[in-house]
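Residue strings, one per chain:
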Amino acid sequence: MKIAIVCYPTFGGSGVVATELGIALSRKGHEIHFITYKQPVRLDLLGPNIHFHEVNVPEYPLFHYQPYELALSSKLVDTVKLYGIELMHVHYAIPHAYAAYMAKQMLLSEGLNIPIVTTLHGTDITLVGNHPFYKPAVAFSINTSDVVTSVSQSLKDDTIRLFDIKKNISVIPNFIDIKKYEEAKKAECQRHLLALSSEKIITHVSNFRKVKRIDDVINVFYALQKKISSKLIMVGDGPEKESAEELVSKLGIIDKVVFLGKSNEVDKILCFSDLFLLPSETESFGLAALEAMASGVPVISSNTGGIPEVNIDGVSGYLSNVGDVESMGKNAIKILQNEEVLNQFKLNAKKTAEKFDLETIVGQYEQTYFNIKG
Ligand code: GMT
């Protein structure tokens, strides 16, 4: 099938999922056309089955805001016509589902009926989409999509609670390429570059936005490093990074915390990690936690949103209430202080992640496409 995938090309989870999905579908013989403003970060191979079409929004002095969705819908129309695209799959409702709706209407006026699959990812519903400025447009574009999927049951429930939804929403959880993480494990883990062999390695990966509660990450680590010799590896970048560095300095733990910045090789960092921290305020799924678990890294997280569907309390890690740094610290120590316990949690984390293997989940998207096309 010829499929257009619209996503954010940056380090956010929705872009990662969309890119990995496109790559997996192309391997199954589908022709995939990514349409976005920059080549997606995880898309390092373009081939006969993978195309990338850049959306350009030229600057014009009259525009205070550049009309991205207009340019995107025009690019969708052109690409559909030029390549014979059969289906548009948009990731993250804002503004992608809205732009796809416009494209669909333009195409309909030329006698082409191209279905839209919209995948809801999280903040497009819970934080941004729910804002009164966007709400009517988000509800409209969800209701006018041909198929709507959400990445967790929790996000589906939130969508129904927050919007007037007239469509059925199917839950298709995020996925992971288990093989990729197994390969990273087999390759030489360069643990010695970041920590002593006597130290445990604690990792956090995110885009350092407020919702990730970066201060909690540091405070949990602060508590645990008093009991367990360890290093904290902070991967990613974003608005909260500067204040995180200040907090680390204020707590006097600069020599124990490494800020690595954005990385395209998270699997190589997770390969030598002992514990992952995800104390987010809200998280529709928590792809970062799943990536850690696929590397056999147990997770200390908050119990919000879709995280409990991924991280199983007492099995693959522990869950605490949002902001309960004390309980998170205690749970982290519980896992790390005994080698046998740690190894059991590592095994459990890997086993739990296997339920989300790409081979199983990508088939569910494929089936969704086939059902629409009849
Ligand atoms: O909020 C982010 O971290 C980025 C955002 C995105 O859409 O790019 O992530 C959301 O989608 C991810 C992929 O489905 C989920 O794993 C994240 O849990 C979700 N983030 C939130 O709900 C805060």
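For the structure, see preceding data.
Now for a look at the structure at hand.

Rules of the game
Residues numbered from 1 in each chain as written. Predicted model: local features only at pLDDT ≥ 70, side-chain atom pairs only at ≥ 80, totals over all residues. Heavy atoms only, no water. Helix = DSSP H or I, 4+ residues; strand = E, 2+ residues; numbered from the N terminus. Rg over C-alpha atoms; globule rule 2.2 N^0.38 Å. Buried < 20%, exposed > 50% of the residue type's maximum accessible area, 1.4 Å probe, protein only. Contact = heavy atoms within 4.5 Å. Areas by Shrake-Rupley, 256 points an atom, 1.4 Å probe, with all protein chains shown as cover. Near = heavy atom within 4 Å. Polar contact = N/O pair within 3.5 Å; in protein donor to acceptor, adjacent residues only side chain to side chain. Domains from an automatic or database assignment. Phe/Tyr/Trp six-rings, centres within 6.5 Å; stacked < 30°, edge-to-face > 60°. Axes fitted to C-alpha atoms, helices over the stretch in contact; angles between N-to-C directions. Parallel < 35°, antiparallel > 145°, perpendicular 65-115°, else oblique. Left-handed = near helix turned anticlockwise from the far one by under 90°. Nonpolar A, V, L, I, M, F, W, Y, C, P; charged D, E, K, R; others polar. Patch = residues over 30% accessible without salt bridge, like charges linked within 9 Å, V, L, I, M, F, W, Y side chains within 5 Å. Salt bridge = Lys/Arg side-chain N within 4 Å of Asp/Glu carboxyl O. Lys, Arg positive; Asp, Glu negative; His and termini not counted. Charge placed at Lys NZ, Arg CZ, Asp CG, Glu CD. Expected span 1.5 Å × (residues − 1). Core = buried A, V, L, I, M, F, W, Y, C linked by side-chain atoms within 4.5 Å.

It is worth spelling out the overall build of the chain at this point. Looking only at helices and strands, the chain has 15 helices and 13 strands in total. The C-alpha atoms of the chain give 21 Å as radius of gyration, which agrees with the globular expectation for 374 residues (21 Å, within 12%). Seen along its three principal axes, the alpha-carbon backbone of the chain occupies a region of about 70 × 45 × 35 Å. Residue burial in the chain is summarised as follows: out of 374 residues, 55% are buried. Put simply, 68% of the contacts in the chain that link residues at least 6 apart link residues at least 24 apart. Only carbon and sulfur atoms are counted for the fraction: they give 52% of the accessible area of the chain, which is about 16,200 Å².

The next point concerns the site of the ligand. Close contacts around the ligand come from 18 residues, with His121, Asn174, Arg209, Glu283 and Ser284 the closest. Separating an oxygen atom of the ligand from a side-chain N or O atom of asparagine 174 is a distance of 2.8 Å. In isolation the ligand has 480 Å² of accessible area, and contact with the protein removes 94% of it. Counting contributing residues per domain, the shell around the ligand is built from domain 1 (2–175 + 357–373) and domain 2 (178–355), each supplying no fewer than three.

Its location among the elements puts histidine 204 in strand E8 (residues 200–205). According to the relative accessible area criterion, histidine 204 is buried, its value standing at 0%. For histidine 204, the contacting residues outside a window of four places in its chain are Ile214, Val217, Ile233, Met234, Val235, Phe276, Leu277 and Leu278. A polar side-chain atom of histidine 204 sits 2.9 Å from a polar atom in the side chain of serine 206.

Turning our attention to the packing of aromatic side chains. Applying the stated rule across the entire model yields six aromatic pairs. Taking 5.8 Å as the distance between ring centres and 85° as the angle between the ring planes, the aromatic pair formed by phenylalanine 285 and phenylalanine 356 counts as edge-to-face. Of this pair, phenylalanine 285 sits in the loop between strand E11 (275–278) and helix H11 (287–294) while phenylalanine 356 sits in the loop between helix H14 (339–353) and helix H15 (358–373), placing them 71 residues apart in sequence. Accessibility assignment for this pair places phenylalanine 285 and phenylalanine 356 in one class, buried. Ring centres of tyrosine 318 and phenylalanine 345 lie 5.3 Å apart, and the angle between their planes is 45°; on these two criteria the pair is classed as tilted. Taken together, the positions of tyrosine 318 in strand E13 (residues 317–320) and phenylalanine 345 in helix H14 put the pair 27 residues apart, joining distant regions of the chain. Looking at tyrosine 318, the relative accessible area reads 16%, which means it is buried.

Before going further, it helps to spend a moment on the packing of H11 against H14. Between H11 and H14, whose axes approach to 7 Å, the crossing angle comes to 120°. Judged by the angle between their axes, H11 and H14 are oblique. The handedness of the crossing between H11 and H14 comes out as left-handed. Judged by residue contacts, Leu290, Met293 and Ala294 of H11 engage Ala349, Lys350, Thr352 and Ala353 from H14. Taken together, the residues that form the contact of H11 with H14 break down as five nonpolar, one polar and one charged.

Next up on the list: the side chain of threonine 36. Tracing the chain through its elements places threonine 36 in strand E2 (residues 31–36). Taking the relative accessible area as the measure of exposure, threonine 36 reaches 0% and is therefore buried. Each residue touching threonine 36, except ones within four places of it in the same chain, is listed here: Cys7, Tyr8, Pro9, Phe52, His53, Glu54, Val55 and Tyr68.

Side chains of Asp237, Glu242, Glu245 and Glu246 sit close together on the surface and give a patch of like negative charge. Mapping glutamate 246 onto the fold places it in helix H9 (residues 241–250). Given the relative accessible area of 52%, glutamate 246 is considered exposed.

Along its 16 residues, helix H2 (residues 68–83) runs 22 Å from first to last C-alpha, staying within 8% of the 22 Å computed at 1.5 Å per residue. Those residues of H2 lying buried are Tyr68, Ala71, Leu72, Ser73, Leu76, Val77, Thr79 and Val80. Against strand E1 (2–6), E2, strand E3 (50–54), strand E4 (87–91) and helix H3 (93–108) lie the buried residues of H2. Count one or two residues on from H2 and you reach glycine 84, which has phi positive near 70°.

This next bit is on the nonpolar core. The biggest cluster of nonpolar side chains holds 90 residues, and the ones touching the most others in it are Leu76 and Tyr369. The residue makeup of this core includes at least three contributed by each of domain 1 (2–175 + 357–373) and domain 2 (178–355). One finds Ile253, Leu275, Met328 and Leu342 within the second-largest nonpolar core, a separate group that totals 28 residues.

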